[in-house]
Amino acid sequence: MVGYDPEAKCVSTVEAAVAGSASGFVTRVLISPLDVIKIRFQLQIEQLSSRTPGAKYHGILQALQRIFQEEGLGAFWKGHVPAQFLSVGYGAVQFMAFESLTKLVHNVTSYNARDSFVHFVCGGLAACTATVAVQPVDTLRTRFAAQGEPKVWLTLEFSSTALAPFLGFFVKSDFNLALMIFKQNSLLILLFLPDILYHFCFSGNVKNLVCGSCAGIISKTLTYPFDLFKKRLQVGGFEHARAAFGQVRMYRGLLDCIKQILREEGPGGFFKGLSPSLLKAAVSTGLVFFWYELFCSLLCALKSTGSTTRKEG
């Protein structure tokens, strides 16, 4: 049901946006702790090892325990409000744009809306559109999740005001990383739909959950370093809130960020936090597709029930 299907004209573009928003909202609540751990790992300059002096985090279980002891249970949902704006907005824009683009291609070209190539291109364009739309909120989410105790940013209103002078930089970095988002989400859509993933011996929404998780793991692994670069750039000018976490670095841009990481942390530095990221990708991507399909099915059922009631009336 993802994307325009000329044979099943059930979900409109607006309804796709509603289903995308709802799926993003529910998924964000469930995967927030993994997101916080991933961001903490990505921003740590020291190696993720107990043998490294000054390394605050060593692994997923150790990070869970330390964050809970030092910051409490609520720390796993730090930045949850802007993260929800991010998830709801991203889900709405991405699925609405994808639905509209695949419909447009089907109507004005000779390509079929269900072709893998169409999904690759339209999925990438939809993801880029969604990324640009929610980038300022993504930066807020990252900074809230990155800070320790006591908090430097206390409220969304204050942090939005504090971020305003840096908005131009983050929009610029957003365009620098748009290609990464395009590739990742194109691969995600492309891998989610082909028969090779749909020939599992599952049925209904369980199949969507499994296929979505596989797509999320593959696409995240292929493009993970770019996500790390983005997180490092997003906390530029926010070093004072990171003092309790160890070393901090300042980067002049994407290329400088890549060079410094390679020089100081080695090639392995590009993949810091990959394990919680893959776990998050498997869970979140699977859940997003699962909930999206479920909400679309519910909307179709409601429309069908409403039509039947009107006919009987």
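See the structure printed just above.
This section reports on the structure supplied with the text. (Residues numbered from 1 in each chain as written. Predicted model: local features only at pLDDT ≥ 70, side-chain atom pairs only at ≥ 80, totals over all residues. Heavy atoms only, no water.)

1. Looking at helix α1 (residues 13-43)
- Between its first and last C-alpha atoms α1 spans 38 Å; for 31 residues at 1.5 Å apiece the expected length is 45 Å, and the helix comes up short by more than 12%.
- By the largest-angle criterion, I31 marks the main kink of α1, which is about 60 degrees, and a proline, P33, follows within four residues.
- For α1, the buried fraction is high: 23 of the 31 residues fall into the buried class. (Helix = DSSP H or I, 4+ residues; strand = E, 2+ residues; numbered from the N terminus. Expected span 1.5 Å × (residues − 1). Bend = angle between axes of the 7 residues up to and from the residue. Buried < 20%, exposed > 50% of the residue type's maximum accessible area, 1.4 Å probe, protein only.)

2. Quick word on helix α10 (residues 254-265)
- In this model α10 runs 16 Å from its N-terminal to its C-terminal C-alpha over twelve residues, within 8% of the 16 Å that 1.5 Å per residue would give.
- Within the sequence span of α10, burial applies to L254, D256, C257, Q260, I261 and E265. Buried residues along α10 cover an arc of 160 degrees about the axis, so they all sit on one side. Residues of α10 that are exposed and point over 90 degrees away from its buried face: L255, K259 and R263.
- Trailing α10 by a residue or two, G266 shows a phi angle of about 80 degrees, which is positive. (Arc of directions from axis to C-beta.)

3. Some remarks on the packing of α1 against helix α2 (residues 60-71)
- Across the interface, α1 lies against α2 with an axial gap of 11 Å and an inter-helix angle of 100 degrees. Classified by the angle their axes make, α1 and α2 are roughly perpendicular. The segment α1 lies against α2, with V36, I37, R40 and F41 engaging I60, A63, L64, I67 and E71.
- The residue makeup of the contact of α1 with α2, split by class, is seven nonpolar, no polar and two charged. (Axes fitted to C-alpha atoms, helices over the stretch in contact; angles between N-to-C directions. Parallel < 35°, antiparallel > 145°, perpendicular 65-115°, else oblique. Contact = heavy atoms within 4.5 Å. Nonpolar A, V, L, I, M, F, W, Y, C, P; charged D, E, K, R; others polar.)

4. A short note on the pattern of salt bridges
- The final tally for this structure, using the stated rule, is 13 salt bridges.
- A salt bridge links R66 to E70, with the nearest nitrogen and oxygen atoms 2.7 Å apart. You can see R66 and its partner E70 sitting in helix α2, four residues apart, about one turn around the helix.
- Classification of R66 by relative accessible area gives partly exposed; the value is 29%.
- Residue K272 pairs with E265 through a salt bridge whose shortest N-O separation is 2.7 Å. The pair K272 / E265 is uniform in exposure class, with both members buried. (Salt bridge = Lys/Arg side-chain N within 4 Å of Asp/Glu carboxyl O.)

5. Quick look at the nonpolar core
- In terms of nonpolar packing, the biggest core is built from 14 residues, with I37, F41, Y57, A63 and I67 touching the most fellow members.
- Elements supplying a minimum of two residues to this core: α1 and α2.
- Considering each element in turn, this core owes the most residues, five residues, to α1.
- Apart from residues lying up to four places away in sequence, Y57 is in contact with R40, F41, Q44, Q47, L48, S49, Q62, A63, R66, I67, E71 and F245.
- Of all hydrophobic cores here, the second largest spans eleven residues; its members include Y224, L228, L254 and C257. (Core = buried A, V, L, I, M, F, W, Y, C linked by side-chain atoms within 4.5 Å.)

6. Digging into a nonpolar patch on the surface
- A surface patch of nonpolar side chains, about 580 Å² in accessible area, is lined by F25, V29, L30, F68, L73 and W77.
- Here the nonpolar patch takes three residues from α1, the largest share from any one element.
- Of the residues examined, L73 reaches a relative accessible area of 53% and is grouped as exposed. (Patch = residues over 30% accessible without salt bridge, like charges linked within 9 Å, V, L, I, M, F, W, Y side chains within 5 Å. Areas by Shrake-Rupley, 256 points an atom, 1.4 Å probe, with all protein chains shown as cover.)

7. Thoughts on the packing of aromatic side chains
- Evaluated as defined, the whole model comprises seven aromatic pairs.
- For the ring pair F95 and Y292, a centre distance of 3.9 Å and an interplane angle of 10 degrees mean the geometry is stacked. Here F95 is found in helix α3 (residues 80-108), whereas its partner Y292 is found in helix α11 (residues 274-312), with 197 residues between them in sequence. In this structure, F95 and Y292 share a single accessibility class: buried. (Phe/Tyr/Trp six-rings, centres within 6.5 Å; stacked < 30°, edge-to-face > 60°.)

8. A few points about the packing of α1 against α3
- Running from amino to carboxyl end, α1 crosses α3 at an angle of 145 degrees, the nearest separation of the two axes being 7 Å. Relative to α3, α1 is oriented so that their crossing is right-handed. Where α1 abuts α3, its residues T13, A16, A17, G20, S21, S23, G24, F25, R28, V29 and S32 lie against H80, A83, Q84, L86, S87, V88, G91, A92, F95, M96, E99 and S100.
- The residue makeup of the contact of α1 with α3, split by class, is ten nonpolar, eleven polar and two charged. (Left-handed = near helix turned anticlockwise from the far one by under 90°.)

9. Structural notes on the environment of P136
- Within the fold, P136 resides in helix α4 (residues 116-146).
- P136 sits in the partly exposed class, given a relative accessible area of 28%.
- Each C-alpha atom of the pair P136 and P82 lies 9.5 Å from the other, and the pair is 54 residues apart in sequence.

10. Focus: the environment of V134
- Its place among the elements puts V134 in helix α4.
- When the C-alpha atoms of V134 and V88 are compared, they prove to be 9.6 Å apart, with 46 residues separating the residues in sequence.
- Setting aside residues no more than four positions away along its own chain, V134 makes contact with L86, G89 and Y90.

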